[in-house]
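Fold and contact review
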Amino acid sequence: MTLANKTYEPTEARRVAFIGLGTMGSPMAAHLQRAGHDVTVYNRTTAKAEAWVHEHGGRFAATPLEAVKLGQGADIVFTCVGNDDDLRQVCCGEQGVLRGLKPGAFIVDHTTTSAEVAREIAARAAQQGVAFIDAPVSGGNLGALNGVLTVMCGGDPAAFDQVKPVIAAFARAVTHLGDSGSGQLAKMVNQVCVGGLLQGLAEALAFGEKAGLDMPRVIEVISQGAASSWQMVNRGPTMVRDEFDFGFAVDWMRKDLGLVLDEARRLGARVPATALIDQFYADVQAMGGGRQDTSSLIRRLR
């Protein structure tokens, strides 16, 4: 893992526990350590936590509960795990962080989950005097490595103000959007947009290839105009080259779109294109592409 060089804004050093050292969590925790915070990490695979400490310093713990109790106890817990059930386990399980956090502490959750579980855990944390901020991120592994993630937050505004300077170690935009669950709902909006952009881009590139165009040159031209997007500039050329090893996997996108579809049913919102794109991603999974980047949508069109 190679972190980008980054200048960190001066902020009070905090005792931090970071739970979950996956593709996103590992560099996020490393930026916190580099920024001068006292970081303890936990990961289900202990060897990964040990390797992280060997590379970056800090300490590792055997359980989430131990991670928040080591030393003088954590001020802030960051979680970045897989899904709703994983989050419930690390927060509320027998070895969960809520069994060890002191009143006045904070939990900042970067997992993409349902809005419902964010509200549920926020309520349980509040009973112990702990503030919970749902804070899903956008920007992928590259954004995490470079410390320039976009973070969408829900929860108590005063608690948000306390944790924002710490989150800034790995983010360039940290925004409070409303009550608990608002961050997760905003992430759902983000994923609807990303899925639609990628499907449009996949169709456009596959069409151009069928027409015999020089697609790298086409991308260079049209990315200067109204069709441009981050996906076109960063993923268009790699899609043409049939390269799909870039961070955010199809399996995770399907999880996220499933959250969108569930929430849409609850809200009575109409998302027909999103439902269709979710099925297109199922096709990619059936082709063996579950761990490939989300731009692999183009594979089903070739």
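Refer to the structure presented above.
Read on for an overview of the structure. This is a predicted model, so every value here is computed, not measured. (Residues numbered from 1 in each chain as written. Predicted model: local features only at pLDDT ≥ 70, side-chain atom pairs only at ≥ 80, totals over all residues. Heavy atoms only, no water.)

**Things to note about the overall build of the protein**
Just so we agree on the cut-off: Starting at the N terminus, helices and strands are each numbered in turn, a helix being any DSSP run of H or I of at least four residues and a strand any DSSP run of E of at least two. The globule rule used for comparison is 2.2 Å times the number of residues to the exponent 0.38, while the radius of gyration itself is calculated over C-alpha atoms. A contact between two residues is defined here by any heavy atoms of the two lying within 4.5 Å. Every accessible area reported is derived by Shrake-Rupley at a probe size of 1.4 Å, with residue values counting cover from the shown protein chains alone. Positive charges come from Lys and Arg alone, negative charges from Asp and Glu alone, with His and the N- and C-terminal ends not counted. Just so you know, the charge point we use is NZ for Lys, CZ for Arg, CG for Asp and CD for Glu.
Each helix and strand counted, the protein has 12 helices and 9 strands in total. Since a compact globule built from 302 residues should have a radius of gyration of about 19 Å, the 20 Å found for the protein is in line with a globular shape. Taken along its principal axes, the extent of the C-alpha atoms in the protein is 65 × 45 × 35 Å. Long-range contacts, defined as pairs at least 24 residues apart, comprise 67% of the intrachain contacts of the protein with a sequence gap of at least 6. Carbon and sulfur atoms make up 51% of the accessible area of the protein, which amounts to about 13,800 Å² in all. Here the protein contributes 29 positive and 32 negative side-chain charges, whose respective centroids are spaced 0 Å apart.

**Considerations on the side chain of Asp 278**
The topology assignment puts Asp 278 in helix α12 (residues 272–286). Sequence-distant contacts of Asp 278, defined by excluding residues within four places in its chain, comprise Arg 254, Leu 257 and Leu 261.

**Details of helix α2 (residues 46–56)**
Note the cut-off: Accessible area is worked out with a 1.4 Å probe on protein chains only. A residue is then buried under 20% of its type maximum, exposed over 50%, and partly exposed in between. The arc in question is formed by the directions pointing from the helix axis toward the C-beta atoms.
Three or more residues of α2 are buried, namely Ala 49, Trp 52, Val 53 and His 56. Along the axis of α2, the buried residues cluster in a sector spanning 95 degrees; they form a single face. Packing partners of the buried residues in α2 comprise α1 (25–34), β2 (38–42) and β3 (59–60). Of the residues trailing α2, Gly 57 is marked for its positive phi of about 95 degrees.

**Section: the environment of Val 194**
With respect to the helices, strands and loops of the structure, Val 194 is situated in helix α8 (residues 182–210). With a relative accessible area of 17%, Val 194 lands in the buried category. Sequence separation between Val 194 and Arg 217 is 23 residues; the distance between their C-alpha atoms is 23 Å. Contact partners of Val 194, with chain neighbours within four places excluded, come to Gln 231 and Met 253.

**So, the pattern of salt bridges**
For clarity, the threshold we go by: The term salt bridge refers to a pairing of a side-chain nitrogen on Lys or Arg with a carboxyl oxygen on Asp or Glu at a separation within 4 Å.
Tallying each qualifying case throughout the model produces 16 salt bridges. Taking the shortest distance from any N to any O, the salt bridge between Asp 85 and Arg 88 comes out at 3.3 Å. Of this pair, Asp 85 and Arg 88 are both found in helix α4 (residues 84–92), 3 residues apart, which corresponds to roughly one turn of the helix. Relative accessible area serves as the criterion here: at 56%, Asp 85 is assigned to the exposed category. Measuring nitrogen to oxygen at the nearest pair gives 3.8 Å for the salt bridge that ties Arg 291 to Asp 251. You can see Arg 291 sitting in the segment after α12 and its partner Asp 251 sitting in helix α11 (residues 250–267), a full 40 residues away along the chain. The class of Asp 251 is partly exposed, set by a relative accessible area of 29%.

**Observations concerning the nonpolar core**
Put simply, the test is: Residue types Ala, Val, Leu, Ile, Met, Phe, Trp, Tyr and Cys, when buried and joined through side-chain atoms within 4.5 Å, form a set referred to as a nonpolar core.
Ranked by internal contacts, the top residues of the largest apolar core, which has 37 residues, are Phe 18, Leu 32, Val 41, Phe 78 and Ile 167. Take this core: its biggest share by element is 5 residues, from helix α7 (residues 157–167). Sequence-distant contacts of Leu 32, defined by excluding residues within four places in its chain, comprise Val 16, Phe 18, His 37, Val 39, Phe 78, Val 166, Ala 169 and Phe 170. Formed by 25 residues, the second largest nonpolar core is a distinct cluster that contains Ala 17, Val 90, Val 97 and Ile 121.

**Some remarks on the packing of helix α9 (residues 215–222) against helix α10 (residues 230–240)**
Let me state the cut-off plainly: Where helices are involved, their axes are fitted lines through C-alpha atoms of the stretch in contact, as for all axes, and angles between N-to-C directions lie from 0 to 180°. Oblique is the label for any angle not under 35 degrees, not over 145, and not in the 65 to 115 range, which are roughly parallel, roughly antiparallel and roughly perpendicular in turn. Under the grouping applied here, Gly and all other residues not named as nonpolar or charged are polar, the nonpolar ones being Ala, Val, Leu, Ile, Met, Phe, Trp, Tyr, Cys and Pro and the charged ones Asp, Glu, Lys and Arg.
Running from N to C, α9 and α10 cross one another at 170 degrees; their axes reach a closest spacing of 10 Å. Between α9 and α10, the interaxial angle falls into the category roughly antiparallel. Across the interface between the two elements, Met 215, Pro 216, Ile 219 and Ile 222 from α9 touch Met 232, Gly 236, Pro 237 and Val 240 from α10. The class makeup of the residues in the contact of α9 with α10 is 7 nonpolar, 1 polar and no charged.

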